[in-house]
Amino acid sequence: MVCLHRPGIGPRNRACPEHFRSSVLPFTAALRPLAALLSLRGVTIAVLGLLAMVLVWADLQRGPWYDEFYTQFVARPDLSWGQALRESWLPDNHPPLYYALARLTAFLGAIPYHRLLNLMLGVLAVAGGVAVVRDVPKLAPAGTALALALAANHWTLITGTELRSYFLSLCATAVLVLGLCAIRVTGSAGGTARRVAYWGAALVAFNTHIVTSLTAAALVAPFLVAALARRNWREARAIAAAPLAAGVVLVAVAAVQLPLWLANTTAFWITPGFDQARFAIYWAVVRTAEANLVLLAGALAGAAGLAGDLLLRRKRSAQTGALALLVCGVGIAIAALVTLHMLRPLLIEKYLVGLVAAESMGLALAFARMFQGLHARGRAIALALAAAGSVPGMMAGTGAAIFHTSWFASGRAVAAEAALCPGTLVYAGPMWNDDVTGLPPHDNARVVPFAYRSVADTLGIRLAPDGSRALSARCPTIFWGEHDTRHRFDAARVKQRLRAAGFPDVPLTFTRIGTGWIAVTPPRQSALPR
């Protein structure tokens, strides 16, 4: 066939296929990078890459708070491993795993840099998730949706930017529930990489934080019971082996720690009562649901589709079963945690990151049902919108992390005041924190002065010598207190405490800053006796 090209018709001359293809190919080639970006893999890489950059930046910007000083102190490299385990890690209220990881990475240095440990743990969690999804490609849409949900979550940014174990709990539980769903879908433990990911997640989730341990056990239970009820022994073994091994480790550690946990929490700072537990769970659930509104809308549409599959078309799928079992596990976890909280207060919202991971996985499974019902163009649009929907949550979480409670708020005020007069004396230390130093474990008494010294060294504040009671003759004298969460000092109470410590009675200008305060007295030569 001979094609005659007529001017003005060009690409629309469909009678000439060769000419049409030559005109369309450059346009198609230009769209290939966009198509790759809007694939499941491309969206996952883009969002998690952005999350990693945000976490690193926020790690370096956020000021430290008391519990981070505690972690840094008990993980300091001058302690031998045996001494740290016996004297600091086992007597604490948490399993020693995260402290051991912090000790292993003590070479990272000061707290802002040491927080990069969490980024390493996040990379391992992503590798575990990839291992599961590569072995079970059916879960690829849910895996991407899980990544989007967690990237947007408030607690991902808060916990990922502090030197504590909660981010590890979040990551481990996320991989654990993804692994449970994979076993449910395939009925087997899968390949080596998937088994390693599942075992690692189970061992960590059961041995990082006691609330996470209880949550993980509650999430595993329905999957195991369902497999046993169907007499699918292969699936039951795949589910049970890793949690049983992890549970043995937990029981062995708890045999040593449980009496100490009970003693440490006899007088505890967490508010008792049903309302405390109810609101902690409520806000964890609500924040997770609204973290990515596009994903939530897709999940609701997907849930409607799953209900239609089951009720109208009588079509059952392993994904539907996994979602139902996940919901049962979350219900069991909530009931168990509320019951235990009524016996011994143990719940705040941050401790519920295991539930956050499980709920995110549930949203991901429902979103995947909606996604799989779309044609190719609709899937690309849904992915683009869901990825964009993660950005506002990521930004809000970053802001919340950076402006979170920090010792730098009052510390910077002290540094600014002291810089005005080089002879300024600054008094800080355990005098203001006997509510903390008196709490078990015994490391609290040593962490408080360590925290003041760390902030002072970082911000260039020269602290008065221990035991001194001198007041500056030429410059102001500053009294500085932090972590004032229970006593709530004011000017009168500060004066009372100073008189009891042997300081003369002087006028004070008292200013509260965040969870701390500063009280400034003028130079001694101008101070009038009261």
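Residues numbered from 1 in each chain as written. Predicted model: local features only at pLDDT ≥ 70, side-chain atom pairs only at ≥ 80, totals over all residues. Heavy atoms only, no water.

Could you give an account of the sheet that holds strand 1 (residues 425–428), naming the residues involved and the relevant values?
Read from one edge to the other, the open sheet built from four strands follows the order 1-2-4-3, with strand pairing classed as mixed. Of all the strands in the sheet, the pair left with one neighbour each is strand 1 and strand 3 (509–513). For this sheet the average axis-to-axis angle between neighbouring strands, irrespective of direction, equals 20 degrees. Looking at chain direction, strand 3 and strand 4 (residues 516–521) are connected through five bridges and run antiparallel. Each bridged residue has a counterpart across the sheet, and for threonine 511 the counterpart in strand 4 is isoleucine 518. Contacting strand 1, strand 2 (477–481), strand 3 and strand 4, helix 19 (residues 407–419) runs over the sheet at an angle of about 175 degrees to strand 2. (Pairing = 2+ DSSP bridges. Helix = DSSP H or I, 4+ residues; strand = E, 2+ residues; numbered from the N terminus. Axes fitted to C-alpha atoms, helices over the stretch in contact; angles between N-to-C directions. Contact = heavy atoms within 4.5 Å.)

Residues and numbers for the side chain of asparagine 292, please.
Take asparagine 292: it is sitting in the loop between helix 14 (274–290) and helix 15 (293–311). The exposure class of asparagine 292 is buried, given its relative accessible area of 3%. Among the polar contacts made by the side chain of asparagine 292, one reaches the main-chain carbonyl oxygen of alanine 386 at a distance of 2.9 Å. Engagement of the side chain of asparagine 292 in a polar contact is seen with the side chain of serine 390, the distance being 2.9 Å. When residues no more than four places from it in sequence are discounted, the contact partners of asparagine 292 are Leu148, Ala152, Ala386, Gly389 and Ser390. (Buried < 20%, exposed > 50% of the residue type's maximum accessible area, 1.4 Å probe, protein only. Polar contact = N/O pair within 3.5 Å; in protein donor to acceptor, adjacent residues only side chain to side chain.)

So, the state of the cysteines: which residues are in play, and what are the values?
Cysteine pairs can be linked by a disulfide, which is a covalent bond between their two sulfur atoms. Counted under the stated rule, the structure contains one disulfide. Disulfide pairing is shown between cysteine 421 and cysteine 475; the S-S distance is 1.7 Å. The sign of the -55 degrees torsion about the S-S bond sets the cysteine 421-cysteine 475 disulfide as left-handed. With a gap of 54 residues between them, cysteine 421 in the loop between helix 19 and strand 1 and cysteine 475 in the loop between helix 21 (444–459) and strand 2 connect regions that are remote in the sequence. Per residue, the accessibility class of cysteine 421 equals that of cysteine 475, and both read buried. You can see cysteine 328 has no disulfide; the closest cysteine sulfur is in cysteine 181, sitting 12 Å from it. Residue classification places cysteine 328 among the partly exposed positions, given a relative accessible area of 45%. (Disulfide = S-S within 2.5 Å.)

Any chance you could break down the pairing of strand 4 for me, citing the residues and the numbers?
Buried residues dominate strand 4, accounting for six of its six residues. Taking every second residue as pointing to the same face, both faces of strand 4 are buried, with Gly516, Ile518 and Val520 on one and Trp517, Ala519 and Thr521 on the other. Two strands pair when backbone bridges link them, and strand 2 and strand 4 are joined in this way by five bridges, in the antiparallel orientation. By the bridge assignment, phenylalanine 479 is partnered in strand 4 with alanine 519. In textbook terms, the turn of a hairpin is the stretch between consecutive antiparallel strands, and for strand 3 and strand 4 this stretch comprises two residues, one of which, glycine 514, has a positive phi near 65 degrees.

Can you explain the nonpolar core? Please cite residues and give values.
Ranked by internal contacts, the top residues of the largest apolar core, which has 93 residues, are Leu139, Leu176, Leu352, Met361 and Leu365. When residues of this core are assigned to their parent elements, the largest contribution, 15 residues, is made by helix 10 (residues 166–186). With residues near it in sequence (within four places) discarded, leucine 365 still touches Leu139, Ala142, Cys181, Gln319, Ala322, Leu323 and Leu326. Residues Val426, Phe450, Ala464 and Leu498 belong to the second largest nonpolar core, which totals 44 residues. (Core = buried A, V, L, I, M, F, W, Y, C linked by side-chain atoms within 4.5 Å.)

How would you summarise the packing of helix 3 (residues 66–74) against helix 5 (residues 97–104) if you had to cite specific residues and measurements?
At a minimum axis distance of 8 Å, the contact between helix 3 and helix 5 shows a crossing angle of 65 degrees. As the angle between them shows, helix 3 and helix 5 are arranged roughly perpendicular. Helix 3 and helix 5 meet at a crossing whose hand is right-handed. Judged by residue contacts, Tyr70, Thr71 and Val74 of helix 3 engage Tyr98, Tyr99 and Ala102 from helix 5. Taken together, the residues of the contact of helix 3 with helix 5 break down into five nonpolar, one polar and no charged. (Parallel < 35°, antiparallel > 145°, perpendicular 65-115°, else oblique. Left-handed = near helix turned anticlockwise from the far one by under 90°. Nonpolar A, V, L, I, M, F, W, Y, C, P; charged D, E, K, R; others polar.)

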